[in-house]
Each structure stands twice: as C-alpha cells, then as structure tokens.
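In case you want the letters, here they are:
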Amino acid sequence: MKCACGRESVYYQRYANRWLCEDCFKKDVEKRVRKVLGREVIRNNVKIGVGISGGKDSLVMTYILKKFYDSIPNSEIICFFVDEGIKGFRDVAKKYVVEFCKEFDIDLRIISFKEEINYTMDELVEKNYLKHLNIGKPCSFCGVVRRYLLNKYAFLNNCTYLAIGHNLDDFCQTILMNYIEGNVKNIIQFGKDVSSSTNFVKRIKPLKLIPEEEVILYAKLNNLKYQKEPCPYSHLSYRYKIKKIIEMLEEDKPGVRFGILRGYESLLKLIEYREGNLKKCKICGSLCSGELCKVCSWLEILKGL
Ligand SMILES: [Zn+2]
Ligand SMILES: [Zn+2]
C-alpha cells in the first residue's frame, strides 16, 4: 500500500485508517510530541531533566527531545538513570543507556538504590522487607521510589522540567487502574502534574499521544537499541493485567485508547484541584499530610530493619 505522499508505506495506522511511509510516520510522531509540549516547553532557556530507563519509551523520548532542542540556544538536556539493582535486568539496561548518551552526546547521571536507600530491589525482595511497609508487590515500592529520586535529582540539578517516558498505553493503564481502585486523589494528581511544593519539578510526558506500537516502530526506524525484556518483577503487577485488557479493547475498537485519555482529560477540567492542609515532610521537604511523606516514612522503617 502507498502513503498519501505516494511513497511505499511501512505502517498501517489502524485508528486513523491510513497507511504511512517511513518519513510521514516519523513526522507524524514528532508532530504529536511537539503538540503535547507546546511552546511553553520547546523554547530557549530551559533545562530538561529526563528519566531514562533503557527501555524503548525513554530512549525514543530522549531522541526526539534531543532533536528538538539541538537547534535551540541555551537549552540543555540531562538524563537521570535509576539503577534499582535488579540483576540481569537493570545492568543490561544501563549498557544501552550509557551507549545511547555517548552516541548522542547527552549528559548522564546514574542514581543507585543501593547508595540512596541502602538496599537493592533484589535485596528488598529476597529479604521480604516490603511486607514491613505493607507493600505486596515490588512495583508499588519501586515505581514510587524511582519517581521520588528522579524528582530529587532533577531539582538538585535545577531542571525546569522532568520528562517521563509514558506512552499512550501507559497513560490508559494508569487512568483505568486509578478508576478501578477508586483512587480519586491519584486520578487528580496524575493528570495535573502540579504541586505547590517548592522542590517539585514539573513533569512533562512527551509521548502521551503515541501508542506503544508506534514507539516500537519509531525506535526501529531510527535504529535505537533498547532493552526489550520486561522487568522480572513486572508480571506480578496489576498494571500488566490492565495492559492486556486495554489491548483487547483496542483490537475490538481502534482508537479506544485516545477515547480513554480524552474522557479522562475532560473529567479533569471539571475538578477543582485543592491540596488541602498539607505540611512539609521533615526529611525531604515535599508536601504531605503527616510529618513524613510516604517515601521518607518507608525509608525510615527500612533503616530500622
Ligand atoms: Zn508519506
Ligand atoms: Zn519526604
């Protein structure tokens, strides 16, 4: 099949019922990233911190950001890689990230769980320590602590924004999970990405409108090498089940993922966001309802074990 421009196509965009050639496909992806970020983000005098994991999403995101900012004066990109200490998984990812940042000449900082919290993820699971924190699944701990560390380092490095490589599928998973669990607070916080905390770096999610299969194709067409194996703990996660459900829905009705996102964003507009009576965490300074924020209280318990 041919693309509308006349060239041979490489991809059928099912939800839009069109065939795209390599060039038009890449342009389409980049156009949507540009649309999500807008002029407020793609400008000069900006320092973008990037959470880079070595997976397809963060590498594609960093590649596109680098492309955008290369021609913009006084702009800077710095990558943060969190090494949780998961043998046979994160050490492999690290190689991809180090090579990628070298090839594209991007600053890279490596942050390790071992140094930051004194335990690797493997040790926490092996010793069964997460049960002391009332955490059933490793991902519930790992994801939150990673976010905490990324923000901490983006803040320490004076970043204007922190870019997170969530694609459209990830968005839909998070939205549905929060709905199903009735987690109203998370529903609001996830979408607004704001906080009045003074040490919170505003997050941006450049791949919000890019479905997972397009991230994979974009990586392939640009010869980006990334880690393909999923995290060994991820099959334990609830997210994985939701992912399968969304894929089933999309198969049945192409475009349903954009529908989930649109519905969620219209809902957000109707919600007035109030942080309520929050205090500053005594350790890290982030806003929370008690004396310590969730992560700091976990880390305190771990110290005592
Ligand atoms: Zn074309
Ligand atoms: Zn704290």
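Residues numbered from 1 in each chain as written. Chains lettered and ligands numbered in written order. Predicted model: local features only at pLDDT ≥ 70, side-chain atom pairs only at ≥ 80, totals over all residues. Heavy atoms only, no water.

1. Quick word on the UniProt feature "domain: 2-thiouridine synthetase TtuA-like N-terminal LIM" (unreviewed entry) in the protein
So, step 1. Those places that UniProt annotates as "domain: 2-thiouridine synthetase TtuA-like N-terminal LIM" (unreviewed entry) correspond, in this numbering, to residues 4-25.
So, step 2. Counting secondary structure, residues 4-25 comes out at 18% helix and 27% strand; the distance between its end C-alpha atoms is 11 Å. (UniProt positions renumbered as here; feature names shortened; annotations may be inferred. Helix = DSSP H or I, 4+ residues; strand = E, 2+ residues; numbered from the N terminus.)

2. So, the coordination of the zinc ion (ligand 2)
So, step 1. Coordination of the zinc ion (ligand 2) by the protein is provided by Cys281 (SG), Cys284 (SG), Cys293 (SG) and Cys296 (SG), with metal-donor distances spanning 2.3 Å.
So, step 2. What the 4 donor atoms of the zinc ion (ligand 2) show is an angle range of 102 to 117 degrees at the metal, which sorts the shape as tetrahedral.
So, step 3. Positions of the donor residues of the zinc ion (ligand 2), expressed as sequence spacing, correspond to C-x2-C-x8-C-x2-C. Taken as a pair, Cys281 in the loop between β8 (279-280) and β9 (287-288) and Cys293 in the loop between β9 and α12 (294-303) lie far apart in primary sequence, 12 residues in all. (Donors = N, O, S within 2.8 Å, 3.2 Å for Na, K, Ca; no water. Tetrahedral: all angles 85-135°; square planar, octahedral: opposite > 155°, others 65-115°.)

3. Regarding the coordination of the zinc ion (ligand 1)
So, step 1. Summarising the metal site, the zinc ion (ligand 1) is bound by the protein donors Cys3 (SG), Cys5 (SG), Cys21 (SG) and Cys24 (SG), whose distances to it range over 2.3 Å.
So, step 2. If you look at the zinc ion (ligand 1), its 4 donor atoms make angles of 102 to 116 degrees with each other, and the shape they trace is tetrahedral.
So, step 3. In the primary sequence, the donor residues of the zinc ion (ligand 1) line up as C-x1-C-x15-C-x2-C.
So, step 4. Under the relative-accessibility criterion, Cys24 is labelled partly exposed at 23%. (Buried < 20%, exposed > 50% of the residue type's maximum accessible area, 1.4 Å probe, protein only.)

4. Regarding a positive patch on the surface
So, step 1. Side chains of Arg147, Lys185, Arg239 and Lys294 sit close together on the surface and give a patch of like positive charge.
So, step 2. On the secondary structure map, Arg147 appears in helix α6 (residues 138-156).
So, step 3. Judged by its relative accessible area of 40%, Arg147 falls in the partly exposed class. (Patch = residues over 30% accessible without salt bridge, like charges linked within 9 Å, V, L, I, M, F, W, Y side chains within 5 Å. Areas by Shrake-Rupley, 256 points an atom, 1.4 Å probe, with all protein chains shown as cover. Salt bridge = Lys/Arg side-chain N within 4 Å of Asp/Glu carboxyl O. Lys, Arg positive; Asp, Glu negative; His and termini not counted. Charge placed at Lys NZ, Arg CZ, Asp CG, Glu CD.)

5. Digging into the packing of aromatic side chains
So, step 1. As enumerated under the stated definition, the model contains 9 aromatic pairs in all.
So, step 2. Seen in terms of ring centroids, Tyr11 and Phe25 are 5.2 Å apart; in terms of plane orientation they differ by 70 degrees. Their pairing is edge-to-face. Of this pair, Tyr11 sits in strand β1 (residues 11-13) while Phe25 sits in helix α1 (residues 22-41), placing them 14 residues apart in sequence. When sorted by exposure, Tyr11 lands in the same class as Phe25, which is buried.
So, step 3. Aromatic rings pair up to connect Tyr63, Phe100, Phe104 and Tyr218 into one cluster.
So, step 4. Above the plane of the ring of Tyr226 lies Lys228, whose end atom (NZ or CZ) is 4.8 Å from the centre. (Phe/Tyr/Trp six-rings, centres within 6.5 Å; stacked < 30°, edge-to-face > 60°. Lys NZ or Arg CZ within 6 Å of the ring centre and 35° of its normal.)

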